[in-house]
Amino acid sequence: MSELNIEEKKNGKELIVSLSGRIDTITSIHFSEVINEKTLQGITSLILEMKDVSYVSSAGLRVLILAQQIMDQQGTMVIKNLSPDIKEVFDDVGFSDFMTFEND
Amino acid sequence: MKKKSESKTKRKYILIQYGINFLIIFAIMIGIITGLSYVGFSAQALTTECETAYSEAQEITETIEIIRNHEQLLKVWLEHPETLTSEYWQQNSDILDLIDQSDSDFDASMLSPEKEGTRAQLFYASLLFDNFTDSFNYAHDLEPASLDGPFLLAKIDEGQYQVCIDSSAKHLALGEIVAVVSSHEIQSSEDDDLSPAINNTVAIAEQNGETLAAVVYPIKSDEKIVGLVAITIEKNFIARTNFKLASTILSFMIIMAILLGIVLLLRLYHMIVKPLSKVQKGLENYTNDLDTIKLVSQMKSITSTNEIGILAKNIETMVKKIHSYTVETTALAAEKSKIESELSLASNIQSSRLPTNFPDSSIEKRVEIFASMAPAKEVGGDLYDFFFIDDDHLAFVIADVSGKGIPAALFMMEAKTIIKDKSSLGKSPAVILSEVNAQLLEHNKEKLFITTWLLIIELSTGIAVEANAGHEKPTLCHLDGKFELIKNKHSLALGLSKKITIKDNEWQLTPGDKIFVYTDGVTEATNENEELFGSERLIDTLNQVTDKNPKEIIEHVKSSIDEFVGTAPQFDDITMLVFTYNGPYNA
């Protein structure tokens, strides 16, 4: 069973979303309910804590891309502590230029 | 086989149920009232009859008390019972002459005992007896049938009396001695017929161990009771009267109950059962024919203003609502079916745009191509394409629009056109895709993007140039080899950002090489346990058919996916493209 746990913390106009588990075709639906145009209204800084994410499928990628596109209009988005394996996949598809990654 | 028994209750009718209820309640009420009245009347019955008897006895007593020395008279009768017959008077009627000769009222003591006194006395007694017997007999005939007597009782001793005149009645016989017990002592007796309500004008005579009720009037002489005039009451009279009265009341009440019951049931029917039945029948018909207008008019015809009237109004409202919902639903269903048929049409249009005229292997020797696209919904966002740029250059495209359904389908159709449009001779795939990216960005309010893989092969040399904008890794299988994933770096998908750096990759293909490309619908196909098909399983599956032609390979992968997925629904469009490079065939 794939599972995705999502925790949100809001500090004014900053939203920190911590994810753990797998972001695949099924769990990405839950993911897209948490970060989308509606939920990101008024947010100027979106931080995605991904250190406990074990897998991201293309469905998950789509949600991230959409979030990036939204935040490009109203602020910044940072993906933190993505595991090296997944980061490699992101690099493969040229996301390194498109998104911002940070490691603590 | 026994059918599973439904609790099918037999239909009951309100009127019958209520009728039975009335019956039981009335029966109980009638029973109670009859019982009470029976007990109550015991007190009354005696009173009326006794009053009659009492006044009669009183009258008789008065006539006796007029006689002088009536006490003596009684004594004589008792001592000389032979005088208590009318024959004695007839036998001694000669004394009458003596009476005529006297001056004053005849009186027993007038005749001296010496001069035929005793005999005269006796005669007198007998004469009077005769008179009284007549009047007593006369009185007897006047009495109501329930009473017997009157009897003349002479006192012998305290509580003991002897019957002197019996007026041919039944209860007591001439000369019989009875014990008269006063009413005070009676109340403790066990005789149920007589005990309830006896007032003190009634005494009981005891005779042969049996008790007899009687109304007595005392005959007094000098304030002392010397005798009684008694009128007896038939023993069963009280019980009979009570019974008669009670049964009269009973019959009366039964008749009243029946009439009342009928009236109540009729009212019940008219006020409740009839309109309710109307509602019930109306609804029953409605469930069969769904005729709203008929039901509404039936409900309107119920004019009750009580709960039933309100029920009818509510049903009217409800059925009108049902009607409008039904109309709405029918309209929606029609719309839905229209949309479905349009989608189906769109699906046909879309699939007809993807090339299915794979080159005939008998004519085109250099390559063998096969492809298929299976959308998750009626229309999809995946595309494949192949076309000759010129006779020596063949282009292959596989792409995947973000999302599914109509938006992705429209974007897909546009992208396909642009890709083909930009693919002209001399441009490398990287250049072509950059141009496509720029054009897509010109108007992309919906923020859709498309992963794209483009390969152009120079058939004469086998040199293939490939560019990958965010798409799945392609697979390559050399002749007599195994399929392997080709892990080059990809650029960002098209339509996302102007800042895109697409790189060309160059491969040297040799005859027999097979290339299998796909969209993520293949690797991300999910089964019921939420497991993914995955690229490893894909490679394994491909390596089962390395020697087959493109069509066979695709069919094998397809059935493999179907088997893996089982009954889980298809999440994403599944698209595959395979071609085999057979080398340059010079015509």
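These numbers were taken from a predicted model, which means no experiment stands behind them.

Criteria and thresholds
- Residues numbered from 1 in each chain as written.
- Chains lettered and ligands numbered in written order.
- Predicted model: local features only at pLDDT ≥ 70, side-chain atom pairs only at ≥ 80, totals over all residues.
- Heavy atoms only, no water.
- Helix = DSSP H or I, 4+ residues; strand = E, 2+ residues; numbered from the N terminus.
- Contact = heavy atoms within 4.5 Å.
- Areas by Shrake-Rupley, 256 points an atom, 1.4 Å probe, with all protein chains shown as cover.
- Pairing = 2+ DSSP bridges.
- Axes fitted to C-alpha atoms, helices over the stretch in contact; angles between N-to-C directions.
- Polar contact = N/O pair within 3.5 Å; in protein donor to acceptor, adjacent residues only side chain to side chain.
- Salt bridge = Lys/Arg side-chain N within 4 Å of Asp/Glu carboxyl O.
- pLDDT = per-residue confidence, 0-100.
- Buried < 20%, exposed > 50% of the residue type's maximum accessible area, 1.4 Å probe, protein only.
- Arc of directions from axis to C-beta.
- Phe/Tyr/Trp six-rings, centres within 6.5 Å; stacked < 30°, edge-to-face > 60°.
- Parallel < 35°, antiparallel > 145°, perpendicular 65-115°, else oblique.
- Left-handed = near helix turned anticlockwise from the far one by under 90°.
- Nonpolar A, V, L, I, M, F, W, Y, C, P; charged D, E, K, R; others polar.

1. Regarding the overall build of chain A
On a plain count of helices and strands, chain A comes out with 4 helices and 5 strands. Reading chain A from its N terminus to its C terminus gives the helix and strand order β-β-α-β-α-β-α-α-β. Contacts spanning at least 24 positions in sequence make up 64% of the contacts within chain A whose residues lie at least 6 apart.

2. Things to note about the overall build of chain B
Along chain B, the regular secondary structure elements total 14 helices and 16 strands. About 32,100 Å² of surface is accessible on chain B, with carbon and sulfur atoms providing 56% of the total.

3. Points about the sheet that holds strand S11 (residues 463-469) of chain B
Residues and elements named next belong to chain B. Pairing within the open sheet is antiparallel, and its 5 strands lie in the order S8-S9-S10-S11-S14. Edge positions in the sheet fall to strand S8 (382-390) and strand S14 (505-508), since each has one partner strand and no second. Within this sheet the neighbouring strands show an average axis-to-axis angle of 15°, counted without direction. Each of S8, strand S9 (393-401) and strand S10 (450-458) is contacted by helix H10 (residues 405-422), which is oriented at about 15° to S8, the strand it contacts most.

4. Section: the side chain of B:Thr526
Here B:Thr526 lies in the loop between helix H12 (520-523) and helix H13 (534-542). Here B:Glu524 takes part through its backbone oxygen, which lies 3.0 Å from a polar atom of the side chain of B:Thr526. If sequence neighbours within four positions are ignored, B:Thr526 has contacts with A:Thr25, A:Ile26, B:Glu531, B:Leu532, B:Phe564, B:Val565, B:Ala568 and B:Phe571.

5. Brief notes about the interface of chain A and chain B
Taken residue by residue, the interface counts 22 residues in chain A and 27 residues in chain B. Counting across the chain A and chain B interface gives 2 salt bridges. Where B:Asp400 meets A:Arg62, a salt bridge forms, and the shortest distance between an N and an O atom there is 3.5 Å. The interface formed by chain A and chain B contains 0 residue pairs in polar contact (both at pLDDT 80 or more).

6. Notes on the confidence of the model for chain A
Put simply, chain A has an average pLDDT of 87, and 98% of its residues get 70 or more. Taken element by element, chain A is modelled with least confidence in helix H4 (residues 95-98) of chain A, mean pLDDT 78, and with most confidence in strand S4 (residues 76-80) of chain A, mean pLDDT 93.

7. Thoughts on the sheet that holds strand S5 (residues 101-102) of chain A
Residues and elements named next belong to chain A. Taking strand neighbours across the sheet as the criterion, the 5 strands line up as S1-S2-S3-S4-S5 in an open arrangement whose pairing is mixed. Here the strands that pair on one side only, and so sit at the sheet edges, are strand S1 (4-11) and S5. For strand S3 (residues 45-56) and S4, the ladder comprises 5 bridges, and the chain directions are parallel. When the sheet's bridge partners are listed, Ser45 is paired in S4 with Thr76. Against the sheet, helix H2 (residues 58-74) makes contact with strand S2 (14-23), S3 and S4, and its axis sits at roughly 170° relative to S3, the strand it touches most.

8. Quick look at helix H1 (residues 27-34) of chain A
All names here are of chain A. Among all positions in H1, only Thr27, Ser28, Phe31 and Val34 are buried. Along the axis of H1, the buried positions cluster into a sector of 110°, meaning they face one direction only. Against S1, S2 and H2 lie the buried residues of H1.

9. Remarks on the packing of aromatic side chains
Residue and element names in this part refer to chain B. Scanning all chains against the criterion turns up 8 aromatic pairs over all chains. Measuring from centroid to centroid gives 3.8 Å for Phe396 and Phe579, while their planes differ by 0°, and the two rings are stacked. Taken together, the residues span a long stretch of sequence, with Phe396 in strand S9 and Phe579 in strand S16 (residues 574-581) at a distance of 183 residues. By the burial criterion, Phe396 is buried, and Phe579 matches it. The interplanar angle of 25° and the centroid separation of 5.8 Å between the aromatic rings of Phe516 and Tyr518 together place this pair among those described as stacked.

10. Topic: the environment of B:Gly583
Residues and elements named next belong to chain B. Structurally, Gly583 is set in the segment after S16. Taking C-alpha positions, Gly583 is 7.5 Å from Gly512, a pair spaced 71 residues apart along the chain. Beyond its immediate chain neighbours, meaning those up to four positions away, Gly583 contacts Arg366, Leu459 and Pro511.

11. Points about the pairing of strand S7 (residues 367-374) of chain B
Regular strands place their side chains on alternate faces of the sheet. Residue and element names in this part refer to chain B. Burial within S7 is extensive, with 6 of its 8 residues counted as buried. With 8 bridges connecting them, S7 and S16 associate as antiparallel partners. Bridge assignment links Val367 to a residue of S16, and that residue is Tyr581.

12. Some thoughts on the pattern of salt bridges
All names here are of chain B. As enumerated under the stated definition, the model contains 12 salt bridges over all chains in all. A salt bridge links Asp289 to Lys294; the shortest N-O distance between them is 3.0 Å. Assessed through its relative accessible area of 36%, Asp289 is described here as partly exposed. Here Glu340 and Lys336 are joined by a salt bridge, their closest N and O atoms 3.5 Å apart.

13. Describing the environment of B:Lys320
Residue and element names in this part refer to chain B. Assignment of secondary structure puts Lys320 in helix H9 (residues 307-353). In this structure the C-alpha to C-alpha distance between Lys320 and Leu295, which are 25 residues apart in sequence, comes to 9.6 Å. Excluding residues within four positions of it along the chain, Lys320 makes contact with Val296 and Lys300.

14. Brief notes about the packing of H9(B) against H10(B)
Residues and elements named next belong to chain B. In the contact formed by H9 and H10, the axes pass within 11 Å of each other and the chain directions differ by 25°. The orientation of H9 relative to H10 falls into the category roughly parallel. The way H9 lies across H10 gives a crossing that is left-handed. Contact residues: Leu343, Ile349, Gln350 and Arg353 in H9; Ile406, Ala409, Met412, Met413 and Lys416 in H10. The residue makeup of the contact of H9 with H10, split by class, is 6 nonpolar, 1 polar and 2 charged.

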